[in-house]
Amino acid sequence: MALTHSRRRPTVRRAIFVSLVVGTVLNLINHYDVFLTQTLSSSVLVQMGLTYLVPYLVSTYSQVAAIMEAHQGGWGSPPAVTDRAPASSGVQVASPLGPLNTLHNSGHPS
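Residues numbered from 1 in each chain as written. Predicted model: local features only at pLDDT ≥ 70, side-chain atom pairs only at ≥ 80, totals over all residues. Heavy atoms only, no water.

**Focus: the overall build of the protein chain**
Short version of the rule: A helix here means a DSSP run of H or I that spans at least four residues, while a strand means a run of E at least two residues long, and both kinds are numbered starting from the N terminus. Throughout, exposure labels follow a simple rule: accessible area from a 1.4 Å probe, protein chains only, divided by the maximum for the residue type, with under 20% read as buried, over 50% as exposed, and the rest as partly exposed. Contact definition: two residues touch when any of their heavy atoms are within 4.5 Å. Only the protein chains shown count as cover for residues, and all accessible areas are computed by the Shrake-Rupley method using a 1.4 Å probe.
For the protein chain, the helix and strand inventory stands at 4 helices and 0 strands. Ordering the α and β elements of the protein chain from the N terminus gives α-α-α-α. Counting over 110 residues, the protein chain shows a buried share of 19%. Intrachain contacts of the protein chain at a sequence separation of at least 6 include 52% that bridge at least 24 residues. Accessible surface computed for the protein chain: about 8,600 Å², of which carbon and sulfur atoms make up 65%.

In structure tokens form, the structure reads like this:
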């Protein structure tokens, strides 16, 4: 299932974008002398390629992990956050958000 999510178009596009931005910045920081002197060797090319590969892999992994957590039966769902006690107790717990807990899906207070 994780491999399927890693191949989805939005996941790949976002990972490529992150890789291009982060990889370019890191390559400019790490290999600025190569750009200035225009001395490019095969070992430097490998290093530059890895500099793009690592952000791609990290971005893909983090996206897949988030997708898996959001789905039932993923790598562990976060506990549900509620401002109410179980219905059987008849007790309502105060929300740390105060009046903000009255917002509905529309984004307007009730």
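Having seen the model, we can carry on.
**Quick word on helix α4 (residues 42-70)**
The line we're drawing: Here the expected length of a helix is defined as 1.5 Å per residue gap, with one fewer gap than residues.
Its 29 residues place the ends of α4 42 Å apart at the C-alpha level, agreeing with the 42 Å of an ideal helix rising 1.5 Å per residue. Buried residues of α4: Val44, Met48, Thr51, Pro55, Ser59, Thr60, Gln63, Val64, Ala65, Ile67 and Met68, and no others. Buried residues belonging to α4 abut α1 (2-6), α2 (9-30) and α3 (32-37).

**A word on the environment of Ser62**
Note the cut-off: By the criterion applied in these results, polar contacts are pairs of N or O atoms within 3.5 Å in which, for protein atoms, one can donate a hydrogen and the other can accept it, and in which residues neighboring in sequence qualify only through two side-chain atoms.
Inspection of the secondary structure assignment puts Ser62 in helix α4. Ser62 sits in the partly exposed class, given a relative accessible area of 41%. Spatially, the C-alpha atom of Ser62 lies 9.9 Å from that of Ser6, the residues being 56 residues apart in sequence. Within the local environment of Ser62, its side chain forms a polar contact with the backbone oxygen of Ser59, the two atoms lying 3.0 Å apart.

**Focus: unusual backbone geometry**
For Gln38, which is not glycine, the phi torsion reads 55° and is therefore positive. Position of Gln38 relative to the elements: it lies in the loop between α3 and α4.

**Looking at the side chain of Asn27**
With respect to the helices and strands, Asn27 occurs in helix α2. By relative accessible area, Asn27 is classed as buried at 1%.

**Topic: a nonpolar patch on the surface**
For clarity, the threshold we go by: Patch membership needs two things, relative accessible area over 30% and no salt bridge, and members are linked within 9 Å if like-charged or within 5 Å if nonpolar (Val, Leu, Ile, Met, Phe, Trp, Tyr). Salt bridge, as used here: a side-chain nitrogen of Lys or Arg that lies within 4 Å of a carboxyl oxygen of Asp or Glu.
A cluster of nonpolar side chains, namely Phe17, Val21, Val22, Val25, Leu26 and Ile29, defines an oily patch on the protein surface of about 520 Å² accessible area. Position of Leu26 among the secondary structure elements: in helix α2.

**As for α2**
Stated formally: Summarising the geometry, the arc corresponds to the directions from the helix axis toward the C-beta atoms.
Between its first and last C-alpha, α2 extends 30 Å over 22 residues, near the 32 Å set by a 1.5 Å rise per residue. Taken together, the buried positions of α2 are Thr11, Ala15, Ser19, Gly23 and Asn27. Summarising the axial view, the buried residues of α2 lie within an arc of 90°, below the 170-degree limit, and thus occupy one face. Away from the buried face of α2 by more than 90 degrees, exposed residues Arg13 and Phe17 are located. The elements touched by buried residues of α2 are α1, α3 and α4.

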